[in-house]
Amino acid sequence: MEKNSFLKTLTENNIEIKNNVCLKELTTFKIGGEAEMFITVKDEGQAVFVKKTADKYNVPLFVLGKGSNLLVSDNGLKGATLSLELNHVIFNGNIVTCGAGLTLQKLCVLAMEKGLSGLEFAFGIPGSVGGAIYMNAGAYGGEMADCVVSAKYIDDAGNIKTVSREDMALGYRTSIFKNSGYIITEATFLLKEGKREEILGKMNGFMGRRKEKQPLEFASAGSTFKRPEGYFAGALIEKNGLKGKRVGDAMVSEKHAGFVVNCGSATSKDVKELIEIIRKTVYENDGVNLEPEVIFVGE
Ligand SMILES: Cc1cc2nc3c(=O)[nH]c(=O)nc-3n(C[C@H](O)[C@H](O)[C@H](O)COP(=O)(O)OP(=O)(O)OC[C@H]3O[C@@H](n4cnc5c(N)ncnc54)[C@H](O)[C@@H]3O)c2cc1C
């Protein structure tokens with residue numbers, strides 16, 4: 001990694017860059033060490049430039065959304081962490097196109113205000129539009145695959161490409177973007193005309209269900225595990241008597257066993273250890289292999 005040349009090139013091109021940024025503050029788990037170099041871009045052109053420069057100088061590049069599905073290592077992230085301040089929103093009839101950095105929540109509210117239905121399920125999902133496409137985020141019977149039409153991204157060579165939904169390989173918490181190194185910059189959704197009050201009512205209904213069922217009072221990264229075929233992760237974990245199980249400040253939520261929560265100063269190591277205890281117990285007693293939904297990043 002030719003760090004100095006990388007930093008010099010970006011600085012000369014007026015790209016915002018900070019050293020040693022604490023990622024704990026930038027993740028919903030409130031866990032993680034520092035990003036060695038933290039870069040914020042304000043438009044697609046800057047994102048392309050950062051991507052090409054990182055490749056040129058062999059700097060690893062990690063794209064951070066809103067950090068709501070991540071477990072960042074206590075040792076932090078080497079190389080560059082890229083944050084996209086791409087927050088534009090353009091409505092054209094029933095079609096909405098927005099920047100990948102926009103929060104999903106904001107998009108849902110704007111669509112509701114326009115009387116456009118289709119995103120209600122996503123209202124309580126934290127995170128950015130880019131992160132939601134990457135994960136094919138979903139809830140309450142809906143997922144991004146139901147309403148996304150296309151996405152724009154920067155490929156390996158630094159070219160801007162557009163991919164339509166059919167070619168996004170959207171599946172349960174997965175897409176072509178997963179582990180690809182591509183940077184999603186924009187997404188387009190097709191919504192339906194609806195009544196504002198009804199849309200808002202559905203959004204609030206889903207949010208109410210979240211507040212009732214999920215440990216939103218604690219820091220977490222949402223569901224720790226994917227739903228195993230034929231089971232619910234939370235029910236299996238609860239059945240194994242693991243509610244309230246702790247390693248340091250990492251704990252299986254008493255409210256919903258599918259969530260590992262941070263009771264205050266949990267480390268990434270604590271969470272990983274707890275995840276391993278859960279997986280081992282559930283595998284030994286039920287023969288089910290729980291696969292983490294949370295993404296581990298850093299060493
Ligand atoms: C309380 C709580 C409730 C949750 N409920 C749900 C739920 O109901 N359904 C659900 O699906 N998820 C849920 N989640 C998980 C999380 O909110 C989603 O996975 C979300 O889509 C992640 O978006 P993000 O922007 O935070 O991505 P991050 O966590 O920052 O990143 C996730 C991955 O996406 C990649 N990524 C992010 N943006 C881009 C981009 N622009 N280009 C390329 N790669 C990118 C990152 O590199 C990383 O690999 C919940 C989380 C919490 C904390």
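Residues numbered from 1 in each chain as written. Predicted model: local features only at pLDDT ≥ 70, side-chain atom pairs only at ≥ 80, totals over all residues. Heavy atoms only, no water.

Student: Sorry if this is basic, but what is going on with the layout of surface pockets here?
Tutor: Over the atoms rolls a probe the size of a water molecule, and its path tells where empty space is left. Of the voids in this model, the second largest pocket is the one considered here, and its volume is about 200 Å³. Around the second largest pocket, the lining comprises 13 residues; the ones closest to its centre are Leu26, Leu64, Gly65, Lys66 and Ser83. When residues of the lining of the second largest pocket are traced back to their parent elements, those giving at least two are β2 (34-41) and β5 (77-84). A breakdown of the residues in the lining of the second largest pocket according to their chemical character gives four nonpolar, six polar and three charged. (1 Å grid on protein atoms, 1.4 Å probe; cavity = no way out; pocket = protein on both sides within 12 Å on 5 of 7 lines; lining within 4 Å. Points joined across faces, edges and corners; volume = space filled by probe spheres on them. Helix = DSSP H or I, 4+ residues; strand = E, 2+ residues; numbered from the N terminus. Nonpolar A, V, L, I, M, F, W, Y, C, P; charged D, E, K, R; others polar.)

Student: Is there a simple way to think about the sheet that holds strand β1 (residues 16-22) in this case?
Tutor: Strand pairing in a sheet takes place through backbone hydrogen bonds and is either antiparallel or parallel in direction. If you walk across this open sheet you meet the four strands as β1-β2-β5-β3, and the pairing is mixed. Each of the sheet's edge strands pairs with one partner strand only, and the pair in question is β1 and β3 (61-64). Sheet twist, expressed as the mean angle between neighbouring strand axes with direction ignored, is 35°. Here β1 runs beside β2; their pairing, made up of six bridges, is antiparallel. Residue Cys22 lies in a different strand from β2, and its bridge partner there is Glu34. Of the strands in this sheet, β1, β2 and β5 are in contact with helix α1 (residues 3-12), which crosses β2 at around 25°. (Pairing = 2+ DSSP bridges. Axes fitted to C-alpha atoms, helices over the stretch in contact; angles between N-to-C directions. Contact = heavy atoms within 4.5 Å.)

Student: Would you take a moment to explain the sheet that holds strand β16 (residues 246-247) for this structure?
Tutor: One open sheet holds the four strands; their spatial order is β15-β18-β17-β16, and the pairing between them is antiparallel. Single-partner strands in this sheet number two, and they are β15 (219-220) and β16. As paired elements, β15 and strand β18 (residues 260-262) share two bridges and run antiparallel to each other. When the bridges of β18 are listed, Ala219 appears paired with Asn262.

Student: Looking at this structure, how should I read α1?
Tutor: Along an α-helix, residues three or four positions apart point the same way, because every turn accommodates 3.6 residues. What α1 keeps buried is the set Phe6, Leu7, Thr9 and Leu10. All buried residues of α1 lie within an arc of 165° about the axis, which places them on one face of the element. Turned more than 90 degrees from where α1 packs its buried face, Asn4, Lys8 and Glu12 sit exposed. Those residues of α1 that are buried are in contact with β1, β2, α2 (44-56) and β5. (Buried < 20%, exposed > 50% of the residue type's maximum accessible area, 1.4 Å probe, protein only. Arc of directions from axis to C-beta.)

Student: When you look at the site of the ligand in this model, what are you seeing that I'm missing?
Tutor: Close to the ligand lie 36 residues, the nearest being Val63, Gly67, Ser68, Ser128 and Gly138. A distance of 2.6 Å is found between an oxygen atom of the ligand and a side-chain nitrogen or oxygen belonging to Ser68. In isolation the ligand exposes 980 Å². Once the protein is present, 94% of that is buried. Counting residues per element, the shell around the ligand draws most heavily on helix α4 (residues 129-135), which supplies five residues. Looking at side-chain class alone, the shell around the ligand contains 19 nonpolar, 13 polar and four charged residues. (Near = heavy atom within 4 Å. Polar contact = N/O pair within 3.5 Å; in protein donor to acceptor, adjacent residues only side chain to side chain. Areas by Shrake-Rupley, 256 points an atom, 1.4 Å probe, with all protein chains shown as cover.)

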